[in-house]
Amino acid sequence: KLMLALWGAVCAACLLLAAANLFLGEINQDEGWYLYAARLVSEGLHPYLDFASTQGPVMPYVYVLAQPLVARWGLAGGRLVTALLGLAGVALAGRLAARLAPRPARGYAALLAVALAGVNVYQSYFVTIVKTYALATVFLLGGFLALHSALEKRRAPRALLAGALFALAAGTRSSAGGALAVAAAALALRAWRD
């Protein structure tokens, strides 16, 4: 019962913070640019070829899916999509922590990871406003989950999936590119030890 109550409290706090940042979070100067870039992509234009872009090319292509919400609700529509991605990232952090922890501690590890990632005002703000952090987090944590599975079960398709997700993370936010080197080193070390 205690664990269920703790999960309820943590999840409620995550949702409350995301909602507060969606409606009350200070406007960031980059938000309009990211949504404008996505609108240009939805009109058939491409970053770097047809318009200047300061970030990787992945985000505008993903945020094309948000265009109906942005057209209807403006910035709030873009923030809603980003908040959902941010909450997905929090869930992936919990899943990864559970996979890495010893079996008896998996539930506690997941709860702690979700609490640390989701009940953090600063973190919640940056994965709710329209910036690259939430999308890069989803790709990055998805990549680490796939990499863990590839190393644990020795399945090449999962290693390829991990590499693709890390590449998408780097294409969203260049600072995530270091994960590609980490994944390659982990796979090379596993191959060398086997």
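Definitions and limits used
Residues numbered from 1 in each chain as written. Predicted model: local features only at pLDDT ≥ 70, side-chain atom pairs only at ≥ 80, totals over all residues. Heavy atoms only, no water. Helix = DSSP H or I, 4+ residues; strand = E, 2+ residues; numbered from the N terminus. Rg over C-alpha atoms; globule rule 2.2 N^0.38 Å. Phe/Tyr/Trp six-rings, centres within 6.5 Å; stacked < 30°, edge-to-face > 60°. Patch = residues over 30% accessible without salt bridge, like charges linked within 9 Å, V, L, I, M, F, W, Y side chains within 5 Å. Areas by Shrake-Rupley, 256 points an atom, 1.4 Å probe, with all protein chains shown as cover. Salt bridge = Lys/Arg side-chain N within 4 Å of Asp/Glu carboxyl O. Axes fitted to C-alpha atoms, helices over the stretch in contact; angles between N-to-C directions. Parallel < 35°, antiparallel > 145°, perpendicular 65-115°, else oblique. Contact = heavy atoms within 4.5 Å. Nonpolar A, V, L, I, M, F, W, Y, C, P; charged D, E, K, R; others polar. Core = buried A, V, L, I, M, F, W, Y, C linked by side-chain atoms within 4.5 Å. Buried < 20%, exposed > 50% of the residue type's maximum accessible area, 1.4 Å probe, protein only.

Engineer: I keep staring at the overall build of the protein and nothing clicks. Help me out?
Structural biologist: A count of helical and extended segments in the protein gives 10 helices and 0 strands. Of the regular secondary structure in the protein, the N- to C-terminal order runs α-α-α-α-α-α-α-α-α-α. Relative to its length of 194 residues, the protein is compact, with a C-alpha radius of gyration of 18 Å against a globular reference of 16 Å. Taking the principal axes of its C-alpha atoms as reference, the protein extends roughly 50 × 45 × 25 Å.

Engineer: Is there a simple way to explain the packing of aromatic side chains in this structure?
Structural biologist: The final tally for this structure, using the stated rule, is 6 aromatic pairs. Here Tyr122 and Phe126 contribute two aromatic rings whose centre-to-centre distance is 5.0 Å and whose plane-to-plane angle is 55°, an arrangement assigned as tilted. Remark: Phe126 and Tyr122 occur in helix α7 (residues 121–126); sequence separation between them is 4 residues, near one turn of the helix. Three or more aromatic residues joined by ring pairs form one cluster here, namely Tyr122, Tyr125, Phe126 and Tyr133.

Engineer: Help me understand a nonpolar patch on the surface in this model?
Structural biologist: Residues Trp73, Leu80 and Leu84 make up a contiguous nonpolar surface patch of roughly 300 Å² in combined accessible area. Note on placement: Trp73 falls in helix α4 (residues 67–73).

Engineer: Quick question: what am I supposed to make of the packing of helix α8 (residues 133–153) against helix α10 (residues 178–193) here?
Structural biologist: Between α8 and α10, the shortest axis-to-axis distance is 11 Å and the interhelical angle comes to 5°. With respect to α10, the element α8 is oriented roughly parallel. For the pair formed by α8 and α10, the contact residues are Leu140, Phe144, Leu147 and Leu151 on the first element and Ala179, Val182, Ala183, Ala186, Leu187 and Arg190 on the second. Looking at side-chain class alone, the contact of α8 with α10 contains 9 nonpolar, no polar and 1 charged residues.

Engineer: How should the nonpolar core be read in this particular structure?
Structural biologist: What tends to happen in soluble globular proteins is that the nonpolar side chains get buried as a cluster. Judged by nonpolar contacts, the single largest core of 19 residues is most densely connected at Met59, Tyr63, Leu85, Val130, Leu135 and Phe139. Of all the elements in the fold, those that place two or more residues in this core are α2 (29–42), α3 (58–63), α5 (75–100), α8 and α9 (156–172). The element that contributes the greatest number of residues to this core is α8, accounting for 4 residues. Residues within four places of Tyr63 in sequence aside, it is in contact with Leu35, Ala38, Gly78, Val81, Thr82, Leu85, Val130 and Lys131.

Engineer: What am I meant to see in unusual backbone geometry here?
Structural biologist: Across the chain, the bulk of peptide bonds are trans and the bulk of non-glycine residues have phi less than zero. Positive phi, normally seen in glycine, also occurs at Tyr48, with a value near 75°. With respect to the helices, strands and loops of the structure, Tyr48 is situated in the loop between α2 and α3. Using a relative accessible area of 48% as the deciding quantity, one classes Tyr48 as partly exposed.

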